[in-house]
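Chains, contacts and geometry: an overview
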Amino acid sequence: MDRFDVIIIGTGAGGGTLAHALAPTGKRILLLERGDFVRREKANWDPRQVNVEGRYQTKEVWHDREGNPLHPHTNYAVGGNTKFYGAALFRFRKEDFGELRHHGGVSPAWPIGYEELEPYYLKAEHLFQVHGNRGEDPTEPRASGPYRHPAVSHEPRIQALSDSLAAQGLKPFHVPLGIQLDERDPRASPCIRCETCDGFPCLVRAKSDSEVLCVEPALRHPNVTLLTGAYVERLETTASGREVSTVVVKRGDRVERYAADLVVVSAGAINSAALLLRSANDRHARGLANGSDVVGRHYMGHVNSVLMALSKCPNPTVFQKTLAVNDFYFGSDQFPHPMGHISFVGKLDAATLSAGAPAIAPGWTLELMARHSLDFWLTSEDLPDPENRVSLDREGNVVLSYTLNNQEGHRRLIKTLEAFLQDQSSCPVHGKGCHQGLFSRNLFLGQRIPLAGVAHQNGTIRFGRDPRTSALDVNCRAHEVDNLYVVDGSFFPSSAAVNPALTIIANALRVGDHLKARLG
C-alpha cells in the first residue's frame, strides 16, 4: 500500500488551493479526483450543450427525501466546480461571522471572527487574480491591502443602469471577479471577455479556476501526484477509531488502497458528508467523526433567483456580470432584517432560455427576450436547519433533503429591485415606459432554483469549539479523528448571502498554514 504524507480528496476551491499551499513543503502529497480534466473543445462554449444538455454535468442520480430521482447540476473534474463557476469572489461581510437575526430565524456565529480570516482573504484574492475596487461596496469589510487588478469595466448598458441606480441613492459597485483579464492590453490579455464565462469551462484557460491556478502549479513539484477517475469509497480507521488508516479508492474496475499521515476531505459539502457517512464503523457507528450527529445536517445552498428585467431598449452587453448592489444586504428602513445580494448572471441567450423561459406577453420570442433582458442573480441567506441534510439510502446513494426557509427577506429583495427598476430615470427613447417588468426564470427546466442546483452547497460538517454540536474544530480537524481534516464548504456554520468560493479558498490557505506547522 502506497503511503504519503498528505492525501487530499477533491481538487476544487478547497482541495486544489490546499494542494497549492502545501506543494512547496516537499512532503509527499496525493491528490485524488473522481473526475478527469475537462476536455478543451468547441463545446466548452456551446450554450445548448452546456446549459440545456448538461454536457459536463455528472450523470449520477441522487434522490430527494420522498425518494424521487434528482439529477444534480454539479461537475466532477480537476478543478471541481471552479471550472464552471461565475468567478464572483466576494468576502463574507464582517457581520456574517457573528450572530445575525433574520426574519425567519437566527444565523449563528462562527467560532472564528472575520479578522482571523482577513489575511487569508487577501492571499486568496491575489492567488485567484481577483479584479475589483476597494471602497465601492457599502457593506465591504476592512481589507489589509488592495486588489492587485482593477475592476472589470461595465459595458454601456450596465454602466447606464449603474448610473441610474446611483442617481436613486444606491451604491452600486463592481463585482470582484476572478478572471485573467487585462483591459489595458486586450491583444495580450488571456481573457477575451466573451459571453460564455458564467457556467462554462473556459476554452482559453483565462478563468481563475483551481485547475489552472492551483493544481497545475502544484503538479510541477515532484512530490505531488494526481490520480483522476479516483472515487473514494470509504475511509478506514485504526482499531481505536482515532486515526484514518486507509483511503479506499475505486479506479475503473480496480480497488486501490492508500495511506497518509494526514487525510483531507474536500469533495464538496454533499459528497464529503456522504463519504464520512459511508465510512461508518464500530467506533463511528453514525458515520466517521459523527459522534455529534451533525455530519450531513444543516445543508445550505442559498435562496437564489434568476430574474429577467425586460426593457424596450436592447441590451447588447457581452460580459454582463460586472455590477452588484448590497444596499439591502442587512435590510432597509421598511424591512429591518437582512434581505441579501443583487448581481447578475452571464448574459442569457435564446438556447439557454429555452430551458426555462418565463411565460410572458405574446410577441416576445426567445431571441427577442435574450436581446432585451437584463439578467439578475439574487441571493439571500438560508438558515441552518438540522433537517436539511445529506443522508444515504440502503444502496449508499446520496439523499438530499431540503426545505427552503427564510424566504420573506428574499421576497422583499425582489420587490425592492422591481421598485428601483420601475423608478429609473426616463429612457431617452421610450420615456418611463421602457421597463416592461421583472420575470422569474427557472434556472433549470421545470424547476425554481432547485434542489438540483447545488453550486453554493455548504454547511454539512460544521466547525466549532464544542464537539457536541460540531464535527470539526477551529482548524477544520475532526474532533474525533486526529488526522482527518475537511476544507471545502462543509465547515460553514452559516451561509451568508454571497458566493462561498472565496471563503472556501481563504480557509484552505488558513488550514494550510496549520498543516505546514503540523507537518514540520
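It should be noted that the structure appears before, not after, this text.
Report on the accompanying structure. (Residues numbered from 1 in each chain as written. Predicted model: local features only at pLDDT ≥ 70, side-chain atom pairs only at ≥ 80, totals over all residues. Heavy atoms only, no water.)

Here we look at the environment of Gln-436
Within the secondary structure layout, Gln-436 lies in strand β20 (residues 435-441). Gln-436 sits in the partly exposed class, given a relative accessible area of 35%. Separated by 14 residues in sequence, Gln-436 and Gln-422 have C-alpha atoms that sit 8.7 Å apart. Setting aside its immediate chain neighbours within four residues, Gln-436 contacts Leu-310, Ser-311, Lys-312 and Trp-364. (Helix = DSSP H or I, 4+ residues; strand = E, 2+ residues; numbered from the N terminus. Buried < 20%, exposed > 50% of the residue type's maximum accessible area, 1.4 Å probe, protein only. Contact = heavy atoms within 4.5 Å.)

Regarding the sheet that holds strand β19 (residues 398-401)
With mixed pairing, four strands are arranged side by side in an open sheet as β4-β3-β19-β18. A single partner strand is all that each edge strand has here, and the edge strands are β4 (69-70) and β18 (389-392). Summarising the sheet, β18 and β19 pair through four bridges and their orientation is antiparallel. Opposite Leu-392, over in β19, you have Val-398 as the bridge partner. Packing of helix α6 (residues 269-278) onto the sheet brings it into contact with β3 (62-64), β18 and β19, and relative to β18 it is tilted by some 40°. (Pairing = 2+ DSSP bridges. Axes fitted to C-alpha atoms, helices over the stretch in contact; angles between N-to-C directions.)

Quick look at the pattern of salt bridges
Enumeration over the complete set of coordinates arrives at 36 salt bridges. Close ionic contact of Arg-510 with Glu-116 constitutes a salt bridge, the shortest N to O distance being 3.8 Å. Within this pair, whereas Arg-510 is found in helix α10 (residues 501-519), its partner Glu-116 is found in helix α3 (residues 114-127), the two being separated by 394 residues in sequence. With relative accessibility at 7%, the residue Arg-510 sits in the buried group. Note that Asp-482 is salt-bridged to Arg-477, the shortest N-O span being 3.6 Å. Classification of Asp-482 as partly exposed rests on a relative accessible area of 27%. If you follow the salt bridges from partner to partner, you end up with Arg-91, Glu-115, Glu-118, Glu-125, Arg-134, Glu-140 and Arg-142 in one network. (Salt bridge = Lys/Arg side-chain N within 4 Å of Asp/Glu carboxyl O.)

So, the packing of aromatic side chains
Evaluation of the coordinates by the stated rule reveals 18 aromatic pairs. Their ring planes at 85° and their centres at 5.6 Å tell us that Trp-110 and Phe-491 sit as a pair that is edge-to-face. Here the residue Trp-110 occupies a position in the loop between β6 (105-107) and α3, and Phe-491 occupies one in the loop between β21 (484-486) and α10, the gap between them amounting to 381 residues. In this structure Trp-110 comes out as buried when scored by relative accessible area, which is 6%. Taking the centre distance of 4.9 Å and the plane angle of 75° together, the rings of Tyr-329 and Phe-330 count as edge-to-face. Residue Tyr-329 is classed as buried on the basis of its relative accessible area of 3%. For Phe-330, a relative accessible area of 28% gives the class partly exposed. Members of the aromatic cluster, each reached through a chain of ring pairs, are Phe-92, Phe-97, Trp-110, Tyr-114, Tyr-121, Phe-463, Phe-491 and Phe-492. The ring of Phe-4 has Arg-28 sitting right over it, with the charged end atom 4.3 Å from the ring centre. (Phe/Tyr/Trp six-rings, centres within 6.5 Å; stacked < 30°, edge-to-face > 60°. Lys NZ or Arg CZ within 6 Å of the ring centre and 35° of its normal.)

Considerations on the packing of helix α1 (residues 15-22) against α10
Where α1 contacts α10, the two axes come as close as 8 Å, and the packing angle between them is 40°. Of the possible angle classes, the one that applies to α1 and α10 is oblique. Between α1 and α10 lies a crossing of right-handed hand. Each of Thr-17, Leu-18, Ala-21 and Leu-22 in α1 lies in contact with α10, whose residues at this interface are Ile-505, Ala-508, Leu-509, Gly-512, Leu-515 and Lys-516. Across the contact of α1 with α10, the residue classes break down as seven nonpolar, two polar and one charged. (Parallel < 35°, antiparallel > 145°, perpendicular 65-115°, else oblique. Left-handed = near helix turned anticlockwise from the far one by under 90°. Nonpolar A, V, L, I, M, F, W, Y, C, P; charged D, E, K, R; others polar.)

Some thoughts on the packing of α1 against helix α5 (residues 210-219)
Closest axis-to-axis distance for the α1/α5 pair is 8 Å, and the angle between their directions is 35°. For α1 against α5, the interelement crossing comes out left-handed. Where α1 abuts α5, its residues Gly-16, Thr-17, Ala-19 and His-20 lie against Ser-210, Leu-213, Cys-214, Val-215, Pro-217 and Ala-218. Within the contact of α1 with α5, the residues separate by chemical class into six nonpolar, four polar and no charged.

Considering the environment of His-435
Within the fold, His-435 resides in strand β20. For His-435, a relative accessible area of 17% puts it in the buried group. Between the C-alpha atom of His-435 and that of Asp-423, which follows or precedes it by 12 residues, the distance is 9.2 Å.

Some details on α3
Taking 1.5 Å per residue, 14 residues should reach 20 Å; α3 reaches 19 Å between its end C-alpha atoms and fits that length. The largest bend in α3 is about 25°, located at Tyr-120. Taken as a whole, α3 has its buried residues at Tyr-114, Leu-117, Glu-118, Tyr-120, Tyr-121, Leu-122, Ala-124, Glu-125 and Leu-127. Taken together, the buried residues of α3 touch α1, β7 (130-131), α5 and α10. Gln-129, located one to two residues past α3, shows a positive phi value of around 50°. (Expected span 1.5 Å × (residues − 1). Bend = angle between axes of the 7 residues up to and from the residue.)

Describing empty space enclosed by the protein
Enumeration over the complete set of coordinates arrives at six cavities of 30 Å³ or more. Put simply, the second largest cavity is a space of about 120 Å³. Around the second largest cavity, the lining comprises 14 residues; the ones closest to its centre are Arg-93, Asp-137, Glu-140, Tyr-147 and Pro-176. Considered class by class, the residues forming the lining of the second largest cavity number six nonpolar, two polar and six charged. (1 Å grid on protein atoms, 1.4 Å probe; cavity = no way out; pocket = protein on both sides within 12 Å on 5 of 7 lines; lining within 4 Å. Points joined across faces, edges and corners; volume = space filled by probe spheres on them.)

A look at the pairing of strand β2 (residues 29-32)
Successive residues of a regular strand alternate their side chains across the two faces of the sheet. Of the two faces of β2, the one holding Ile-29 and Leu-31 and the one holding Leu-30 and Leu-32 are both buried throughout. The parallel pair strand β1 (residues 2-9) and β2 is bridged by α1, and the resulting crossover is right-handed. Across four bridges, β2 lies against strand β10 (residues 224-227) in parallel orientation. Bridge pairing in β10 places Leu-31 opposite Leu-226. (Right-handed = clockwise from strand over helix to strand, strands pointing away.)

Focus on the side chain of His-302
Note on placement: His-302 falls in the loop between α6 and β14 (303-311). Its relative accessible area of 4% is what places His-302 among the buried residues. Side-chain polar atoms of His-302 contact the backbone oxygen of Ser-495, separated by 2.9 Å. Those residues in contact with His-302, other than ones at most four positions away along the chain, are Thr-379, Ser-380, Glu-381, Asp-382, Tyr-402, Leu-404, His-456, Ser-495, Ala-496, Ala-497, Val-498 and Pro-500. (Polar contact = N/O pair within 3.5 Å; in protein donor to acceptor, adjacent residues only side chain to side chain.)

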